[in-house]
There are 2 protein chains.
Amino acid sequence: MAEFVRLDSSTSRHTMDKSITLPPDEIFRNLENAKRFAIDIVAKVRSFDKATKAASDKLYEISVQEEVTARLHFIKFENAYIETCLDFIKDHLVNTETKVIKATVDKEDEMTCLIKGCNFVLRNIPHEAFVYAKHADSEFRFQTTQPDIFPYLLVNIGSGVSIVKVESEDKFERIGGSSIGGGTFWGLGALLTKTKRFDELLQLASKGQHTSVDMLVKDIYGGSYGSLGLTGDLIASSFGKSATADKEFSKEDMAKSLLHMISNDIGQLACLYAKLHNLSRVYFGGFFIRGHPVTMHTITYSINFFTKGEVQALFLRHEGYLGAIGAFLKGAEEDNPNQYSWGENYAGSSGLMSVSPDMNPMQRARSGTFDMLEMDRLERQLVNLPLLQDPSSYIPDTMDLTEDALAREYWLYCFEEALDGVVKRAVASQPDMPEAAERAEKFRQKYRHKLQTLRHQPFAYGSLTVRSLLDTREHCLNEFNFPDPYSKIWHLGLIYLFIFFSSERPWLVDSYDQWLERLRGPPHKCALFFVDNSGLLSRGTEVVLASNSGPALNDVTNGELQILTERIAAMDPVIQAGLREDRLTLVQSGSSSPCLDLSRLDKVLAQVVRERQTDLVIIEGMGRAIHTNYYAMLSCESLKMAVIKNSWLADRLGGKLFSVVFKYEVPAGKPSQGSAAVTPS
Amino acid sequence: MAEFVRLDSSTSRHTMDKSITLPPDEIFRNLENAKRFAIDIVAKVRSFDKATKAASDKLYEISVQEEVTARLHFIKFENAYIETCLDFIKDHLVNTETKVIKATVDKEDEMTCLIKGCNFVLRNIPHEAFVYAKHADSEFRFQTTQPDIFPYLLVNIGSGVSIVKVESEDKFERIGGSSIGGGTFWGLGALLTKTKRFDELLQLASKGQHTSVDMLVKDIYGGSYGSLGLTGDLIASSFGKSATADKEFSKEDMAKSLLHMISNDIGQLACLYAKLHNLSRVYFGGFFIRGHPVTMHTITYSINFFTKGEVQALFLRHEGYLGAIGAFLKGAEEDNPNQYSWGENYAGSSGLMSVSPDMNPMQRARSGTFDMLEMDRLERQLVNLPLLQDPSSYIPDTMDLTEDALAREYWLYCFEEALDGVVKRAVASQPDMPEAAERAEKFRQKYRHKLQTLRHQPFAYGSLTVRSLLDTREHCLNEFNFPDPYSKIWHLGLIYLFIFFSSERPWLVDSYDQWLERLRGPPHKCALFFVDNSGLLSRGTEVVLASNSGPALNDVTNGELQILTERIAAMDPVIQAGLREDRLTLVQSGSSSPCLDLSRLDKVLAQVVRERQTDLVIIEGMGRAIHTNYYAMLSCESLKMAVIKNSWLADRLGGKLFSVVFKYEVPAGKPSQGSAAVTPS
């Protein structure tokens, strides 16, 4: 049951109890290990925004302007590093106008903050939750974000255990708990082994054999106890052998036995409470868990055992931040942070560390010292595309690079190879800025470091995908003020469009004939077109053009598209009529990625899709239709089109460079309305 | 998870695996502490039975005959005393004809035996289950036997914990368990305190302060955690203080903390399983519990805490015998022992020991060495009187001497004072037997010792009552072959009948007028008369005469009553007609006590009561209507009549010696059928 203190750099909080000047020794005096400090700073970030008004001649010229982007910075560090932390704050805040730092120490309700934080990360960070599998190819199996995160059970294992049922944003109840928690492992472990450090105890445990201390079923019955369904290796009595045996037990063995005892107990309690309250999602957190593979493994094992695999133990990538995030949210309630969606900034977040025994000690030290999480506020709420067949099973990404080692190797190599080019383009995108080269060099270092980290810890930000590699690059570019290095080369897309239609058929994936057949049938009511346009308007079909909200690679953004469409309308009577008759609608997708996550779309887009009874979704481009959504199942007809512009990927998919994919799909049970619907003429 | 071995003195078992000659070292080699040996012996007991055929002149003369009475002897002892045990067997079996003892060692399924044993004691031993209350006036609160013992939860805390749901005699399931059990207390306790003996660990624990080792809620939050409903004294983390504190902890404190940790954990698991399976009766057993007040207290506390008092932790007086009893029952399945009812023989059973720290060390040693349980087989099944208003709340005894210290003192004194007289009467009842005096002296010693034991341990055989004191005396008399010392003075009852009707009104309890009023109404359909007869036959009411099955004090037995009735019929035409027209029925009550337990009546009686639509129950005499059943609520009209033949009791009830109680009761909501039913004539 750790407490935390929120250090608040702003003096404008209503909830302030008292302002103190750092370092406030007397404040920290009573704080114990594993405390968290949430430092929330509304920083001024230099940002480049597209001009929304039409710039007559230079359509793609960018106007540079400063705006405030809401970003949350959470910095996690051990108490021992409080001085370092204060230095860090000084160093990092020295550039702001604030000369005197005042810190507010609020003692917030721990559990409320924990739950608020948990709700926040579950809702806002894709791949936040994961299943841990020690012996699997990929240690972490990340879960897709569910449309509805409630209800769930949170088992928080601090010194003791709190078992909390969370039913909605504001409704939670501590339905159970146990005094046998992390403090018991630590306390009993210290007494038994004379080892005082928690981490060392875990190290001991990872090397021990519990069977020399525990009494197993087979120690009593000579084998399994068949009639009760108990296997021989089951622990009948923790520490049962030390009751009568007159011998010394090794520290390692005792620590291991203790770990099993506590993990199994918590596991059973969690399962019983989950069953009693009919909850299938059970998250584990607290310092007993916090990224420790050995405790995640024993808890996972226990849950599997007690539920016979029916319930999975879920862990959270940002479990250590929950309290701090919750404290921030609580303090910022007047701003209603839940009305926005938030996204993890891969550039500013340190990601999940592996703390497996063979981990790099440097990484381990770093992880123990500082951990960072940055969250960018998106100025809109992101929701599921209403046309997803099954939102709960939708996975945007076609390839999971955490699981596919070969693909991972290729793409990491690929992005590293491409880095020089990106740096060049970044500099070229800001010809009037003399310090751009210097910034671009910093970007290179940062992104290269990210790629290196991901090579060793592909799980650092959840499932590693081409999308996340692209997003990370965008985030890093943004961090060094290169929001749109492709602004000068947007026309590249047109080249691919040309390739698309000049390629020889049959294409790699070729449903073109079926599509043509379909076009002979009754027109669609409304088509949702991600990015590009086709000739549908002339058939009477309404068209919703969804384009990126922010810049990514050379993709057209909503701002650009509006200008572009107006210009085309001036030349094309079909477009003109479409706009006039409200049959052509331009909507932001909510994304700033070259890829497309249909579970995180602008709420307005979802609304339009519903209102217009959209019955066709067109997804175009490699990022949107190949790297992501290649396997996405929609509840209406869909068209996925792309030219494979990467030879490795083409090879993987059984084609050649510049292979064309034209995938026309009709949901199962819904016959294509092609010839069947055409009345004989 | 203890094993047990059944030592069987008979060679006729079908289930025998191998016969061995005692002492069989190699058999006991692998046995651990806390093993049980069930020694079941079908002994030839000299017994006096009433002649059932009419003896012309000497109506009350007894014919002495030998018959086999089925009796179970369970002897419990620690492994260390195996030699003593074998001596005991030799000493006690030397009088039988068996010269060579052969022992059969069967390894039975432990859990099946445990459950069989548990069902058996719950069904057959009144006051078997009790609630433990450390600080209450009476430490043990015994439960009345429930008509249906199923379903229940058995939490068996041996080395580990097994949680078993029992649904019927043959259906049970181990629904859960835990490795944190008695072996963990013992094993971890031994490692922490270097104390190897289980009992010593409990002693240490009873002296320790867990608060110096455990981290409490107030240690973290400075007080309670109000919003979560956690009080400040709640244990947040077991051993939490030893995680960081750099100091030595006392053995006592650590043992106490460990005990709390384990008891609370088991308590919570038990509650969750009970809730999940909708079970309200939860029994705790196993060597962790076995009569240890300190573990019963912590388990009770835990259950109260987790169920907010909704579920009570129940313990069993004969918990230590369950496996042995079950093993016997399993071995004797061809005899179907469950078709009979059984009764605890107070003379041969050692009773529940107090093991509270201030207990007599001698008693403690005895308890550790030998414990005995004897069960007599009753040749009939005992059931509830179908006319009980609420069988589950029926308590036969009017006064609970375990709770009422003054009454206990009086009655113990009373029975001790009366002992000389009983001894004299016993000798006088067998004028032709020269060794009767010697036997009577042995009886005196035995019963006096019982009374002394009960003075210190009134809870030894469940709730102490006048009935149990009387029964114990009967059992002791029987043990020394004085089955009916009152056989010569049965006519004494007639004197009291005279007093009854010659007393001046108003009597102490006087519903006589209401009764007379009732008699003016329509006649009853059928009256159940315990023991005596009245003039009801002449009104057309059928009469069921229920009399004792075996002798007790000067009460008439069924055999005697049959003879008596036939004789009266020869003189009285009403009785004669009643017998001839089957309106007068003589049935055994199933009891051999001067008192009356309406929840343990002969099955045939219950059947007759139902068939004849009995609407009146008449209970007569001090034992049946005052010591027991004074407050019994029946679903039909009832008449309780007695003369109070004891001045202390008369005083207690606010009357004088020879006060008359005439209690006519009509169940609530059922108006008396007196005047209201009388048609105007």
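Residues numbered from 1 in each chain as written. Chains lettered and ligands numbered in written order. Predicted model: local features only at pLDDT ≥ 70, side-chain atom pairs only at ≥ 80, totals over all residues. Heavy atoms only, no water.

By the naming in an unreviewed UniProt entry, chain A is 4'-phosphopantetheine phosphatase, taken from Sparus aurata. Recorded in UniProt for chain A, the comment headed Subunit (unreviewed entry) runs: "Homodimer. Interacts with PKM." The Catalytic activity (unreviewed entry) comment attached to chain A in UniProt states, word for word, "(R)-4'-phospho-S-sulfopantetheine + H2O = (R)-S-sulfopantetheine + phosphate". (UniProt positions renumbered as here; feature names shortened; annotations may be inferred.)

Participant: Can you walk me through the overall build of chain A in this structure?
Facilitator: For chain A, the count of helices and strands is 21 helices and 27 strands. For chain A, with 681 residues in total, the buried portion stands at 59%. Contacts in chain A between residues far apart in sequence, at least 24 positions, make up 72% of those at least 6 positions apart. For chain A, the computed accessible surface area is about 28,800 Å², with 51% contributed by carbon and sulfur atoms. (Helix = DSSP H or I, 4+ residues; strand = E, 2+ residues; numbered from the N terminus. Buried < 20%, exposed > 50% of the residue type's maximum accessible area, 1.4 Å probe, protein only. Contact = heavy atoms within 4.5 Å. Areas by Shrake-Rupley, 256 points an atom, 1.4 Å probe, with all protein chains shown as cover.)

Participant: Got a minute to help me understand the sheet that holds strand 8 (residues 129–132) of chain A in this structure?
Facilitator: Backbone-to-backbone hydrogen bonds pair the strands of a sheet. The strands run either parallel or antiparallel. Residue and element names in this part refer to chain A. Read across the sheet, 7 strands follow the order 9-8-16-15-10-11-12 without closing on themselves; strand pairing throughout is mixed. Only two strands of the sheet have a single neighbouring strand rather than two, namely strand 9 (140–142) and strand 12 (172–178). Strand after strand, the sheet turns through a mean of 35° between neighbouring axes, direction not considered. Inspection of the sheet shows strand 8 paired to strand 9 by 3 bridges, in the antiparallel sense. When the sheet's bridge partners are listed, tyrosine 132 is paired in strand 9 with phenylalanine 140. Here helix 3 (residues 110–124) sits on the sheet in contact with strand 8, strand 10 (152–157), strand 11 (161–166), strand 12, strand 15 (282–285) and strand 16 (313–316), set at roughly 125° to strand 10. (Pairing = 2+ DSSP bridges. Axes fitted to C-alpha atoms, helices over the stretch in contact; angles between N-to-C directions.)

Participant: I tried to follow helix 8 (residues 293–307) of chain B on my own but got confused; where do I start?
Facilitator: For the α-helix, the turn length of 3.6 residues means that residues three or four positions removed from each other point alike. Residues and elements named next belong to chain B. Compared with an ideal rise of 1.5 Å per residue, which puts 15 residues at 21 Å, helix 8 spans 21 Å between its outermost C-alpha atoms and is within 8% of the ideal. Within the span of helix 8, buried status applies to Pro293, Val294, Thr295, Met296, Thr298, Ile299, Thr300, Ser302, Ile303 and Thr307. Lysine 308 sits one or two residues past helix 8 and shows a positive phi near 50°. (Expected span 1.5 Å × (residues − 1).)

Participant: Is there a simple way to think about the sheet that holds strand 25 (residues 616–620) of chain A in this case?
Facilitator: Residues and elements named next belong to chain A. If you trace the 7 strands from one edge of the open sheet to the other, you get 20-27-26-25-21-22-23, paired in mixed fashion. The open sheet terminates on both sides in strands that have one partner only, identified here as strand 20 (509–510) and strand 23 (584–588). Alignment of strand 22 (residues 542–547) against strand 23, held across 5 bridges, turns out to be parallel. For serine 547, the partnering residue across the bridge sits in strand 23 and is glutamine 588.

Participant: Just to check I follow, could you spell out the environment of A:Phe150 for this structure?
Facilitator: Residues and elements named next belong to chain A. Within the secondary structure, phenylalanine 150 sits in the loop between strand 9 and strand 10. Judged by relative accessible area, which is 11%, phenylalanine 150 ranks as buried. Every residue in contact with phenylalanine 150, bar those within four places of it in the chain, is listed here: Asn119, Arg123, Val166, Glu167, Ser168, Glu169 and Arg281.

Participant: Would you take a moment to explain the packing of helix 12 (residues 419–429) of chain B against helix 13 (residues 436–456) of chain B for this structure?
Facilitator: Each pair of packed helices gets described by two things: the angle between the helix axes and the distance between those axes. Residue and element names in this part refer to chain B. Contact geometry for helix 12 and helix 13: axes closest at 9 Å, N-to-C directions at 150°. Considering the angle they form, helix 12 stands roughly antiparallel to helix 13. Of the two possible hands of crossing, helix 12 and helix 13 adopt the one that is right-handed. Here Leu419, Asp420, Val422, Val423 and Val427 of helix 12 lie close against helix 13, whose contacting residues are Ala436, Ala437, Ala440, Phe443, Arg444, Tyr447 and Arg448. (Parallel < 35°, antiparallel > 145°, perpendicular 65-115°, else oblique. Left-handed = near helix turned anticlockwise from the far one by under 90°.)

Participant: I would appreciate a short explanation of the nonpolar core in the present structure.
Facilitator: Soluble globular proteins: nonpolar side chains tend toward being buried together. A:Val155, A:Phe185, A:Phe284, B:Val155, B:Phe185 and B:Phe284 are the most contacted members of the largest nonpolar core, which totals 106 residues. The residues touching A:Val155, leaving out its near neighbours within four places in the chain, are A:Val161, A:Ser162, A:Ile163, A:Ile266, A:Ala270, A:Val282, A:Tyr283, A:Phe284 and A:Gly285. By size, the runner-up hydrophobic cluster in this structure holds 62 residues, among which are A:Cys414, A:Ala426, A:Val587 and A:Tyr630. (Core = buried A, V, L, I, M, F, W, Y, C linked by side-chain atoms within 4.5 Å.)

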